[in-house]
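Given next are the chains, with one letter for each unit.
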Amino acid sequence: MCTCITYDNGSFYFGRNLDLDGSFGETVTVTPRNFTLYFRRAGRMERHYAMIGMAAEQDRFPLYAEAVNEKGLCMAGLNFPGNAYYQEAGTDGLELASYEVIPWLLGKYASVAEAEESLEKMRIVDLAFSKQMQPAPLHWMLADRERCVVLEAVREGLKVYENPFGVLTNNPPFDYHRMNMDNYLNLTAESPENRFSDRLDLKPRSQGMGAVGLPGDASSVSRFVRAAFLKWNSAAPADEASSVSQFFHILDGVTMVRGTVITGEGKYDLTTYSCCVNAQTGTYYYKTYDDSRIRKEVLQEYDLDETRLLHGASE
């Protein structure tokens, strides 16, 4: 369970809610340009674009949930169980494990347009990071200021969808979400007019009735619609503080409250953290479930020519 959005309000922003029933050892992580990235079947990158995001470091590899690189290309992985299908490894071409997709694309490319070079030939293969860490079933949102696409590795292969909404949640596949949005074209932030019958005197009895029918549950389909409605009807001044505040308010509209979603294992899904990154400045803002203060880390304030992974000073 997760929700990811883009937001253009003077600067370009990207971020997400990470909804889980526990922590994965996450910390704000900077991968400098000279940190060597080793890929299981795609060689290594000794020099690449620097990136910042939330990750768990395992065996000197950054397992990013989401990140942005120094050129403003952003990417996030979201849960996609039952539909994600990773190919058998061992054929020719570009083969990446699911946990390698974010560092490969952000390390190599400055834009979605550039990344298409790899997307056309990429195969996401069924390789575990370790025996204890089997492949997570994921799909991804990749975005810059100009374009946003969704990557879904399914049984037929890797599908790449243009994403005009700048929103992604979880199941079902993206083509369903795209079609489902047509069901809500009548929603409006304005006060509704009587379209029921011109022979009946029907009037709105409160503010907000233009969005009657906007789903409010925590399912991925409902969060997709609600996040899109909040994003596309958002109004905020174009300064940094107002934009970041507004971004988190949008994410708050699709957050998960402890106790309202119980998993099959009897655990609680909740919004472990929310983040927002100004992709143009590399400023990564975040807050956690138990600490609503917005903290920040700035990519350019780190030594980006280091050879080791770096971690947020405010952790």
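Preceding this section is the structure that the text describes.
Each value, and the rule that gives it
Residues numbered from 1 in each chain as written. Predicted model: local features only at pLDDT ≥ 70, side-chain atom pairs only at ≥ 80, totals over all residues. Heavy atoms only, no water. Pairing = 2+ DSSP bridges. Helix = DSSP H or I, 4+ residues; strand = E, 2+ residues; numbered from the N terminus. Contact = heavy atoms within 4.5 Å. Axes fitted to C-alpha atoms, helices over the stretch in contact; angles between N-to-C directions. Salt bridge = Lys/Arg side-chain N within 4 Å of Asp/Glu carboxyl O. Buried < 20%, exposed > 50% of the residue type's maximum accessible area, 1.4 Å probe, protein only. Core = buried A, V, L, I, M, F, W, Y, C linked by side-chain atoms within 4.5 Å.

> Kindly report on the sheet that holds strand 13 (residues 157-162), identifying the contributing residues and their values.
Taken in spatial order, the 8 strands make up an open sheet running 13-12-11-8-7-6-3-18, and their pairing is antiparallel. Looking at which strands have only one partner, the edges of the open sheet turn out to be strand 13 and strand 18 (310-311). Here strand 11 (residues 138-143) pairs with strand 12 (residues 148-154) via 5 bridges, running antiparallel. Paired with Trp-140 across the two strands is Leu-151, which belongs to strand 12. Sheet strands touched by helix 2 (residues 112-119): strand 11, strand 12 and strand 13. Its angle to strand 11, the strand with the most contacts, is close to 140°.

> Describe in detail the pattern of salt bridges, supporting the description with residues and values.
Pairing is possible between side chains that carry opposite charge, provided their charged atoms lie close to one another. A full pass over the atoms with the stated rule returns 14 salt bridges. The partner of Asp-8 in a salt bridge is Arg-145, with the nearest N and O atoms 2.9 Å apart. Taken as a pair, Asp-8 in strand 1 (residues 2-9) and Arg-145 in the loop between strand 11 and strand 12 lie far apart in primary sequence, 137 residues in all. Judged by relative accessible area, which is 35%, Arg-145 ranks as partly exposed. One salt bridge in this structure joins Arg-308 and Glu-306, with 3.4 Å as the shortest N-O distance. Its relative accessible area of 47% is what places Arg-308 among the partly exposed residues. Each member of the salt-bridge network shares a partner with another, and the members are Arg-33, Arg-47, Glu-70 and Asp-305.

> Give a description of the nonpolar core that names residues and reports values.
If you look at the biggest cluster of nonpolar residues, it comprises 50 residues, and the most contacted ones within it are Phe-14 and Tyr-284. Counting residues per element, this core draws most heavily on helix 5 (residues 240-252), which supplies 5 residues. Ignoring anything within four residues of it in the chain, the contact list for Tyr-284 reads Val-28, Ile-52, Gly-53, Met-54, Glu-66, Tyr-273, Cys-275, Cys-276, Val-277, Arg-295, Lys-296 and Glu-297. Phe-35, Ala-67, Tyr-99 and Leu-309 belong to the second-largest nonpolar core, a separate cluster that totals 39 residues.

> Account for the sheet that holds strand 14 (residues 167-168), with residues named and values stated.
Read across the sheet, 6 strands follow the order 14-1-2-15-16-17 without closing on themselves; strand pairing throughout is antiparallel. Each of the sheet's edge strands pairs with one partner strand only, and the pair in question is strand 14 and strand 17 (291-298). Where strand 15 (residues 270-278) meets strand 16 (residues 283-288), 6 bridges bridge the pair, whose relative direction is antiparallel. In the sheet register, Tyr-273 faces strand 16, and the bridge partner there is Thr-288.

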